[in-house]
Structures are given as C-alpha cells and as structure tokens.
Amino acid sequence: VYKSGAFGRLLDITKFSNYHELRSEVGRLFGLEGQLEDPARSGWQLVFVDREDDILLVGDDPWQEFVNSVSCIKILTPQEVQQMGKQGIDLLSSAPARRLGNSCDNYAGRQESRSLSTVIASVGSVEF
C-alpha cells in the first residue's frame, strides 16, 4: 500500500474477508481512521493496480476477484483526487484505466529516495 509522502506498507490481503476490514486497516496504518470508508465525504480515495497494470477503484470488483488480482493499493489524497478531476474518477469507476508506466513499481520509485533496507525495516515482519 502506497501513499504520497509516506513509507509503503506491506499487507497480507488474504487476512481480510471484505473491503470494510481492508479500508479500516489501511486507515489505521496511515493515520486515516474513518476517512477511507466514505470517499465522497472525506475526499480520500483508494485505487488499486491489478496484475495487468490496470488502475481500478477499490470496492468495484467482487472481493475474491480483487484478492486474486491486486498488485498494489494506492491512497489518493483529496488533492490528488481533485487533480484527477471528477471525470477521471468516473472513468476509473466505469472501466479499467490503462496507464502504462504507472505501475506500483513506478509509483514507489517516484516516492522520496530511500534505501531498500530502510523500506524493509519500516515494514517489519510479515506472518503467513
């Protein structure tokens, strides 16, 4: 999971059983409790990149389909959403937006320069 200006976080998506649980945990990890559940009210938006590099809104696909296809999740700030404009968000919700060169790897690469060891240390251990 990535958010501009913050360290990425690693989540085991299979530990969640629905979008509500996922949104709650992502909100907790990034200090956005209660702000990710209602994007229309808060302005914050969750999008994900699937394994084909399509960018989609979190919550548009059936849960199991999402779990099987998600590559990474991005938290868009209200400013990022505003920059995209309502038309861009509507486009995301109606069809996959193919944005070549906008994959998770590229998104992470645009974040502040950090050494790999710093990023790994910030994520901590993951249980499977």
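Everything here concerns the structure above.
If you're wondering where the values come from, they're calculated on a predicted model, not measured in any experiment.

**Q** I tried to follow the packing of aromatic side chains on my own but got confused; where do I start?
**A** Each aromatic ring pair is described using two quantities: the centre-to-centre distance and the angle formed by the ring planes. Going through the model one piece at a time under the given rule, you end up with four aromatic pairs. With centroids separated by 5.2 Å and ring planes inclined at 50°, the aromatic side chains of Y19 and F66 adopt a geometry described as tilted. Of the two residues, Y19 sits in helix α1 (residues 19-29) while F66 sits in helix α3 (residues 63-69), which places them 47 residues apart along the sequence. Since its relative accessible area comes to 0%, F66 is described here as buried. By way of ring pairs, the aromatic residues Y19, F48, W63 and F66 are connected into one cluster.

**Q** Explanation requested: the nonpolar core in the structure shown.
**A** Taken as a class, soluble globular proteins show a tendency for nonpolar side chains to be buried jointly. Counting 21 residues, the largest nonpolar core has L22, F66, I73 and I75 as its most contacted members. Only α1, β2 (45-50), α3 and β4 (70-76) provide two or more residues apiece to this core. Within the second largest apolar cluster, seven residues are counted, among which are V47, I55, L57 and L76.

Cut-offs used in this document
Residues numbered from 1 in each chain as written. Predicted model: local features only at pLDDT ≥ 70, side-chain atom pairs only at ≥ 80, totals over all residues. Heavy atoms only, no water. Phe/Tyr/Trp six-rings, centres within 6.5 Å; stacked < 30°, edge-to-face > 60°. Helix = DSSP H or I, 4+ residues; strand = E, 2+ residues; numbered from the N terminus. Buried < 20%, exposed > 50% of the residue type's maximum accessible area, 1.4 Å probe, protein only. Core = buried A, V, L, I, M, F, W, Y, C linked by side-chain atoms within 4.5 Å.

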